[in-house]
Amino acid sequence: MNQRILCEVDNCTYWGKGNRCNADVIYVTNQTAEEAIDTEDTGCKTFKPEE
Ligand code: SF4
């Protein structure tokens, strides 16, 4: 895996040590009905809670 996605969501199935995301690809969405303006307006749709 050559991607370098860093993520702090440590209860995600794809999360790994060093805040590395181990998913091959992630899908980031706009969380608002308007144009995203700030960081908080975006989110990772690939997130999957650990079981
Ligand atoms: S899939 Fe999304 S939420 Fe999960 S570790 Fe990767 S970037 Fe973070």
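Since we're looking at a predicted model, the values are computed, not measured.

J.: Describe unusual backbone geometry, and please don't skip the residues or the numbers.
T.: Most peptide bonds take the trans configuration, and most residues that are not glycine carry a negative phi. For Asn19, which is not a glycine, the phi torsion comes out positive at approximately 60 degrees. With relative accessibility at 30%, the residue Asn19 sits in the partly exposed group.

J.: Can you break down the site of the ligand residue by residue, with the values?
T.: Residues in contact with the ligand, as listed here, are Cys7, Cys12, Tyr14, Trp15, Cys21, Ile26, Cys44, Thr46 and Phe47. Looking at the shell around the ligand residue by residue, the classes come out as eight nonpolar, one polar and no charged.

J.: Requested: an account of the UniProt feature "domain: DUF1540" (unreviewed entry) in the chain, with residues and values cited.
T.: UniProt feature "domain: DUF1540" (unreviewed entry): in the numbering of this structure it lies at residues 5–47. As annotated, residues 5–47 comprises 0% helix and 23% strand, and the C-alpha atoms at either end are separated by 13 Å.

J.: Tell me about the environment of Ile5, and please be specific about residues and values.
T.: On the secondary structure map, Ile5 appears in the segment before β1 (15–16). Spatially, the C-alpha atoms of Ile5 and Glu34 are 26 Å apart, while their sequence positions differ by 29 residues. If we skip the residues at most four places from it in the chain, Ile5 touches Asn19, Arg20, Cys21 and Ile26.

J.: So what's going on with the environment of Phe47? Residues and values would help.
T.: Considering the arrangement of structural elements, one finds Phe47 in the segment after β4 (42–44). If sequence neighbours within four positions are ignored, Phe47 has contacts with Val9, Asn11 and Cys12.

J.: Go over the environment of Cys7 with me, naming the residues and quoting the values.
T.: Along the chain, the position of Cys7 falls in the segment before β1. The exposure class of Cys7 is partly exposed, given its relative accessible area of 27%. As a C-alpha pair, Cys7 and Thr39 span 32 residues in sequence and 13 Å in three-dimensional space. Those residues in contact with Cys7, other than ones at most four positions away along the chain, are Trp15, Asn19 and Cys21.

How each quantity is defined
By convention here, each chain's residues receive numbers from 1 onward along its written sequence. Whole-chain, interface and lining totals are the exception, using all residues; otherwise, since this is a predicted model, local features are given only for residues with pLDDT of at least 70 and side-chain atom pairs are given and counted only at 80 or more. Side-chain figures throughout are based on the complete set of non-hydrogen atoms in the structure, without hydrogens or water. Whether a residue is buried, partly exposed or exposed follows from its accessible area with a 1.4 Å probe, protein chains only, as a fraction of its type maximum: under 20%, in between, or over 50%, in that order. One heavy atom within 4 Å of a molecule or strand is enough for the residue carrying it to be called near that molecule or strand. Under the scheme applied, nonpolar residues are Ala, Val, Leu, Ile, Met, Phe, Trp, Tyr, Cys and Pro; charged residues are Asp, Glu, Lys and Arg; polar residues are all the others, including Gly. UniProt positions are given in the numbering used here, feature names are shortened, and annotations may be inferred rather than shown by experiment. Where helices and strands are cited, they refer to DSSP runs of H or I of at least four residues and of E of at least two residues respectively, numbered from the N terminus. Two residues form a contact once any of their heavy atoms are found within 4.5 Å.

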